[in-house]
Amino acid sequence: MACLLFAVAAPAAGQDDGVLARGARDGDAPAWAISVATPPGWTRDCCTYARAIGVNAVLYQGEWSGKPQRVMVLNVWPRQLATLADEVQADRKRYLQHDPAGKVSAFVVRHPAMPCEASVYQGSDRIDDVLVFCDPGTASGVRLSWSMAFDDADPSRHALLDDFMRVVVATRWAKDAAPAHGR
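Chemist: What is the right way to read the overall build of the protein chain from this model?
Modeler: When helices and strands are tallied, the protein chain shows three helices and 11 strands. N-terminal to C-terminal, the α/β element order of the protein chain is β-β-β-β-α-β-β-α-β-β-β-β-α-β. With 183 residues in all, the protein chain has 48% of them scored as buried. Considering only intrachain contacts with a sequence separation of at least 6, the fraction spanning at least 24 residues in the protein chain is 56%. Accessible area for the protein chain stands at about 9300 Å²; split by element, carbon and sulfur atoms hold 53% of it.

Chemist: Explain the pairing of strand β9 (residues 127–134) to me, please; I cannot follow it from the model alone.
Modeler: Counting buried positions over the eight residues of β9 gives six, a clear majority of the element. Bridge count between strand β8 (residues 116–122) and β9: seven bridges; the pairing is antiparallel. From the neighbouring strand, Val-120 faces β9, where its bridge partner is Val-130. What sits between β8 and β9 in their antiparallel hairpin is a turn of four residues, with Arg-126 showing a positive phi close to 70°.

Chemist: How should I be thinking about the sheet that holds strand β11 (residues 172–175) in this particular structure?
Modeler: Paired through their backbone hydrogen bonds, the strands of a sheet run either parallel or antiparallel. If you trace the three strands from one edge of the open sheet to the other, you get β2-β3-β11, paired in antiparallel fashion. Both outer strands of the open sheet, β2 (19–23) and β11, are each paired with one neighbouring strand and no more. The average angle at which neighbouring strand axes cross in this sheet is 25°, direction not considered. The sheet contact formed by β2 and strand β3 (residues 32–35) spans four bridges and is antiparallel.

Chemist: Whenever I open this one, the side chain of Thr-38 confuses me. Can you help?
Modeler: Counting through the fold element by element, Thr-38 comes out in the loop between β3 and β4 (42–45). Overall, the relative accessible area of 15% leaves Thr-38 in the buried class. Here Arg-44 takes part through its side chain, which lies 2.6 Å from a polar atom of the side chain of Thr-38.

Chemist: Hey, could you run me through the confidence of the model for the protein chain in this one?
Modeler: Interpretation of this model should avoid reading the predicted coordinates in detail wherever pLDDT is low. Of the residues in the protein chain, 87% have a pLDDT of 70 or more, and the chain-wide mean is 87. At the low end of the mean pLDDT range in the protein chain sits strand β1 (residues 3–6), at 34; at the high end sits β9, at 97.

Chemist: Would you explain the pairing of strand β10 (residues 142–151) in this entry?
Modeler: Looking along a regular strand, one sees side chains alternate from face to face of the sheet. Judged by how many residues are buried, β10 sits mostly within the fold: nine of 10 residues are covered. Direction of pairing for strand β6 (residues 71–78) relative to β10: antiparallel, over a ladder of six bridges. When the sheet's bridge partners are listed, Pro-78 is paired in β10 with Val-142. Alignment of β9 against β10, held across eight bridges, turns out to be antiparallel.

Chemist: Honestly, helix α2 (residues 84–98) in this entry has me stumped. Any pointers?
Modeler: For an α-helix the count is 3.6 residues per turn, leaving residues at separations of three or four pointing the same way. In this model, α2 (15 residues) spans 21 Å end to end at C-alpha, consistent with the 21 Å of a helix rising 1.5 Å per residue. Taken residue by residue, α2 has Leu-84, Glu-87, Val-88, Asp-91, Arg-92 and Tyr-95 as its buried positions. One side of α2 carries all its buried residues, which in axial view fall inside an arc of 130°. Opposite the packed face of α2, turned more than 90 degrees from it, sit the exposed residues Lys-93 and Gln-97. Those residues of α2 hidden inside the fold are in contact with β6, β7 (103–109), β8, β9 and β10.

Chemist: Would you explain the pattern of salt bridges in this entry?
Modeler: If charged atoms from side chains of opposite charge come close, those side chains can pair. Tallied over the full model, the rule gives nine salt bridges. Here Arg-70 ties to Asp-154 by a salt bridge, and the two come within 2.8 Å at their closest N and O atoms. Of this pair, Arg-70 sits in the loop between β5 (57–61) and β6 while Asp-154 is found in the loop between β10 and α3 (157–170), placing the two residues 84 residues apart along the sequence. Here Asp-154 falls in the buried class, since its relative accessible area comes to 10%. With a closest N to O distance of 3.2 Å, Asp-163 and Arg-166 form a salt bridge. Residue Asp-163 and its partner Arg-166 are both found in helix α3; the two are separated by three residues, about one turn of the helix.

Calculation notes
- Residues numbered from 1 in each chain as written.
- Predicted model: local features only at pLDDT ≥ 70, side-chain atom pairs only at ≥ 80, totals over all residues.
- Heavy atoms only, no water.
- Helix = DSSP H or I, 4+ residues; strand = E, 2+ residues; numbered from the N terminus.
- Buried < 20%, exposed > 50% of the residue type's maximum accessible area, 1.4 Å probe, protein only.
- Contact = heavy atoms within 4.5 Å.
- Areas by Shrake-Rupley, 256 points an atom, 1.4 Å probe, with all protein chains shown as cover.
- Pairing = 2+ DSSP bridges.
- Axes fitted to C-alpha atoms, helices over the stretch in contact; angles between N-to-C directions.
- Polar contact = N/O pair within 3.5 Å; in protein donor to acceptor, adjacent residues only side chain to side chain.
- pLDDT = per-residue confidence, 0-100.
- Expected span 1.5 Å × (residues − 1).
- Arc of directions from axis to C-beta.
- Salt bridge = Lys/Arg side-chain N within 4 Å of Asp/Glu carboxyl O.

Next up, the structure:
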């Protein structure tokens, strides 16, 4: 697998534009809030389109098309596997079972507050997916991921990936006392 180094400067304190999604207490996992700075030109949604497709939040440009390309997707779930590496391996295995002709490569993500591992899936359908799993820590009781699909020949690929990585490294998990909305 190719290993690329991708580092993006995180926004300075105070530039975070707030909570994107919340989750209720679930067993030992406390209620949580995910906040992130949204790139200019992207629309935040936790409760309309995100709920309709079964995820915690989405970010998209322009009008909602219903197509997965060019949509940043946030998923948060109760911690189940022992390690972040186990989550990544399980996902890669599922992907390659679904698309045996697909290719997977990894790259390093330097998140300032939590460990993250990234994969790029190059599908035989000529749609590529970038997926970053992050672990906000054992006390959180959850893991989270950001993903985005794009056509493999998309001329905006680099700009999309830059925005995507800015979102990933700006993502913050926190305990939350506010009522959960979204999923």
